[in-house]
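Residues per chain, in single letters:
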Amino acid sequence: MDFRGIVRTWYQISETPLSMERAVAAVSDPAAGAIATFAGTTRNSFQGKEVRYLEYEAYGAMAERTLEEIGTKIADKWPPVTGVAIAHRVGRVEVGETSVIVAVSAPHRKEALAACSWGIDRLKAVLPVWKKEVFSDGEVWRENEPGGEPP
(Lines give C-alpha, C1' and ligand atoms only; values in the text may rest on other atoms or scores of the structure.)
Protein backbone atom coordinates (compact mmCIF):
# COMPACT_ATOMS: atom_id res chain seq x y z
CA MET A 1 0.00 0.00 0.00
CA ASP A 2 1.35 3.44 -0.89
CA PHE A 3 -0.49 5.96 1.28
CA ARG A 4 1.00 9.32 2.25
CA GLY A 5 4.49 7.85 2.08
CA ILE A 6 3.64 4.80 4.16
CA VAL A 7 4.33 1.74 2.06
CA ARG A 8 3.60 -0.95 4.65
CA THR A 9 0.76 -1.18 7.17
CA TRP A 10 -0.66 -3.87 9.41
CA TYR A 11 -3.47 -3.46 11.93
CA GLN A 12 -4.89 -6.27 14.06
CA ILE A 13 -7.31 -6.94 16.89
CA SER A 14 -6.51 -10.49 17.97
CA GLU A 15 -7.75 -13.15 20.34
CA THR A 16 -4.43 -14.95 19.97
CA PRO A 17 -0.98 -13.95 21.28
CA LEU A 18 0.64 -11.02 19.48
CA SER A 19 3.93 -11.35 17.61
CA MET A 20 6.54 -8.60 17.69
CA GLU A 21 8.33 -10.44 14.91
CA ARG A 22 5.23 -10.21 12.70
CA ALA A 23 4.85 -6.49 13.44
CA VAL A 24 8.51 -5.80 12.61
CA ALA A 25 8.25 -7.86 9.42
CA ALA A 26 5.13 -5.90 8.45
CA VAL A 27 6.97 -2.55 8.58
CA SER A 28 10.38 -3.66 7.31
CA ASP A 29 11.36 -1.71 4.24
CA PRO A 30 14.64 -1.16 2.38
CA ALA A 31 14.16 2.62 2.79
CA ALA A 32 13.92 2.32 6.58
CA GLY A 33 17.05 2.82 8.63
CA ALA A 34 15.10 2.49 11.88
CA ILE A 35 12.25 0.46 13.29
CA ALA A 36 10.92 1.63 16.66
CA THR A 37 8.76 -0.77 18.65
CA PHE A 38 6.64 -0.72 21.77
CA ALA A 39 5.15 -3.74 23.53
CA GLY A 40 2.73 -3.29 26.41
CA THR A 41 2.71 -6.33 28.69
CA THR A 42 0.54 -7.42 31.58
CA ARG A 43 2.33 -6.72 34.84
CA ASN A 44 1.83 -8.67 38.06
CA SER A 45 0.71 -5.76 40.24
CA PHE A 46 -1.17 -2.47 40.04
CA GLN A 47 -1.41 0.08 42.86
CA GLY A 48 -0.14 -2.50 45.35
CA LYS A 49 -2.61 -5.19 44.32
CA GLU A 50 -1.68 -8.55 42.81
CA VAL A 51 -2.89 -8.82 39.20
CA ARG A 52 -3.92 -12.33 38.17
CA TYR A 53 -4.71 -11.50 34.51
CA LEU A 54 -6.41 -8.92 32.27
CA GLU A 55 -9.43 -9.28 30.01
CA TYR A 56 -10.00 -7.01 27.02
CA GLU A 57 -13.21 -6.56 25.05
CA ALA A 58 -13.74 -4.71 21.77
CA TYR A 59 -15.96 -4.44 18.75
CA GLY A 60 -13.28 -5.70 16.36
CA ALA A 61 -14.24 -3.86 13.17
CA MET A 62 -14.53 -0.51 14.96
CA ALA A 63 -11.27 -1.04 16.84
CA GLU A 64 -9.38 -1.99 13.66
CA ARG A 65 -10.73 1.15 11.93
CA THR A 66 -9.43 3.19 14.85
CA LEU A 67 -6.00 1.57 14.53
CA GLU A 68 -5.98 2.51 10.84
CA GLU A 69 -6.97 6.09 11.72
CA ILE A 70 -4.02 6.25 14.13
CA GLY A 71 -1.75 5.02 11.33
CA THR A 72 -3.14 7.69 8.99
CA LYS A 73 -2.44 10.40 11.57
CA ILE A 74 1.10 9.09 11.98
CA ALA A 75 1.53 9.43 8.20
CA ASP A 76 0.26 13.01 8.36
CA LYS A 77 2.51 14.00 11.27
CA TRP A 78 5.66 12.15 10.12
CA PRO A 79 5.73 11.98 6.29
CA PRO A 80 9.09 10.12 6.23
CA VAL A 81 7.51 7.08 7.97
CA THR A 82 7.57 4.02 5.72
CA GLY A 83 5.53 1.57 7.81
CA VAL A 84 3.10 1.33 10.72
CA ALA A 85 1.92 -1.81 12.51
CA ILE A 86 -0.44 -1.73 15.48
CA ALA A 87 -1.99 -4.75 17.18
CA HIS A 88 -4.07 -5.19 20.33
CA ARG A 89 -5.17 -8.34 22.14
CA VAL A 90 -8.70 -9.10 23.23
CA GLY A 91 -9.81 -11.80 25.61
CA ARG A 92 -7.77 -13.07 28.54
CA VAL A 93 -4.14 -11.89 28.73
CA GLU A 94 -1.95 -13.51 31.36
CA VAL A 95 0.78 -11.80 33.39
CA GLY A 96 3.85 -11.41 31.17
CA GLU A 97 1.90 -11.64 27.90
CA THR A 98 1.73 -8.78 25.40
CA SER A 99 -1.47 -6.72 25.21
CA VAL A 100 -0.45 -4.18 22.58
CA ILE A 101 2.27 -3.67 19.96
CA VAL A 102 3.20 -0.59 17.96
CA ALA A 103 5.98 -0.71 15.34
CA VAL A 104 7.00 2.18 13.10
CA SER A 105 9.69 2.27 10.42
CA ALA A 106 11.32 5.39 9.00
CA PRO A 107 14.56 6.39 7.32
CA HIS A 108 15.90 7.76 10.65
CA ARG A 109 15.44 6.89 14.34
CA LYS A 110 14.13 10.33 15.39
CA GLU A 111 10.96 10.03 13.30
CA ALA A 112 10.48 6.34 14.07
CA LEU A 113 10.78 6.86 17.83
CA ALA A 114 8.54 9.95 17.89
CA ALA A 115 5.85 8.32 15.75
CA CYS A 116 5.89 5.11 17.82
CA SER A 117 5.56 7.04 21.08
CA TRP A 118 2.75 9.18 19.71
CA GLY A 119 1.01 6.08 18.35
CA ILE A 120 0.81 4.30 21.71
CA ASP A 121 -0.31 7.50 23.46
CA ARG A 122 -3.03 8.03 20.87
CA LEU A 123 -4.12 4.39 21.10
CA LYS A 124 -4.47 4.65 24.89
CA ALA A 125 -6.60 7.79 24.45
CA VAL A 126 -9.03 6.69 21.73
CA LEU A 127 -9.08 2.94 21.05
CA PRO A 128 -12.52 1.44 21.82
CA VAL A 129 -11.13 -1.46 23.87
CA TRP A 130 -12.24 -2.08 27.44
CA LYS A 131 -9.96 -3.62 30.04
CA LYS A 132 -10.91 -5.64 33.10
CA GLU A 133 -8.16 -6.08 35.68
CA VAL A 134 -8.59 -9.26 37.70
CA PHE A 135 -6.89 -9.12 41.08
CA SER A 136 -6.47 -11.79 43.72
CA ASP A 137 -9.22 -9.99 45.72
CA GLY A 138 -11.64 -8.79 43.01
CA GLU A 139 -11.82 -7.09 39.63
CA VAL A 140 -12.34 -3.67 38.08
CA TRP A 141 -13.13 -2.37 34.58
CA ARG A 142 -10.94 0.50 33.39
CA GLU A 143 -11.63 3.09 30.69
CA ASN A 144 -9.13 4.50 28.22
CA GLU A 145 -6.87 7.20 29.59
CA PRO A 146 -8.41 10.66 29.25
CA GLY A 147 -6.83 13.23 27.03
CA GLY A 148 -7.62 12.83 23.35
CA GLU A 149 -4.96 14.12 20.97
CA PRO A 150 -1.45 13.72 22.38
CA PRO A 151 1.06 16.42 21.47
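Everything in this summary refers to the structure shown in the same document. Treat the numbers as computed from the prediction; the structure is a model and nothing was measured.

So, about the sheet that holds strand β5 (residues 83–89). Strand order in the open sheet formed by four strands is β1-β5-β7-β2, and the pairing between neighbours is mixed. Every interior strand has two partners, whereas the edge strands, β1 (8–14) and β2 (34–41), have only one. Recorded for the sheet is a direction-independent mean angle of 5 degrees between the axes of neighbouring strands. Two elements, β5 and strand β7 (residues 98–106), share six bridges in a ladder whose sense is antiparallel. Opposite valine 84, over in β7, you have valine 104 as the bridge partner. The strands touched by helix α3 (residues 109–126) within the sheet are β2, β5 and β7, with β7 carrying the most contacts at an inclination of about 150 degrees.

Attention shifts here to unusual backbone geometry. Despite not being glycine, glutamine 47 has its phi angle at roughly 50 degrees, a positive value. Mapping glutamine 47 onto the fold places it in the loop between β3 (45–46) and β4 (49–58). By relative accessible area, glutamine 47 is classed as exposed at 67%.

Another aspect to go through is the nonpolar core. By size, the foremost hydrophobic cluster in this structure holds 31 residues, and its most contacted members are Leu67, Ile74, Val81, Ile86 and Leu123. Those elements that provide at least two residues to this core are β1, β2, β4, α2 (60–77), β5, β7, α3 and β8 (129–135). When residues no more than four places from it in sequence are discounted, the contact partners of leucine 123 are Leu67, Ile70, Ile86, His88 and Val100. The next biggest cluster of nonpolar side chains, apart from the first, holds nine residues, and it includes Ala23, Ala85, Ala87 and Ile101.

Reading guide: rules and limits
- Residues numbered from 1 in each chain as written.
- Predicted model: local features only at pLDDT ≥ 70, side-chain atom pairs only at ≥ 80, totals over all residues.
- Heavy atoms only, no water.
- Pairing = 2+ DSSP bridges.
- Helix = DSSP H or I, 4+ residues; strand = E, 2+ residues; numbered from the N terminus.
- Axes fitted to C-alpha atoms, helices over the stretch in contact; angles between N-to-C directions.
- Contact = heavy atoms within 4.5 Å.
- Buried < 20%, exposed > 50% of the residue type's maximum accessible area, 1.4 Å probe, protein only.
- Core = buried A, V, L, I, M, F, W, Y, C linked by side-chain atoms within 4.5 Å.

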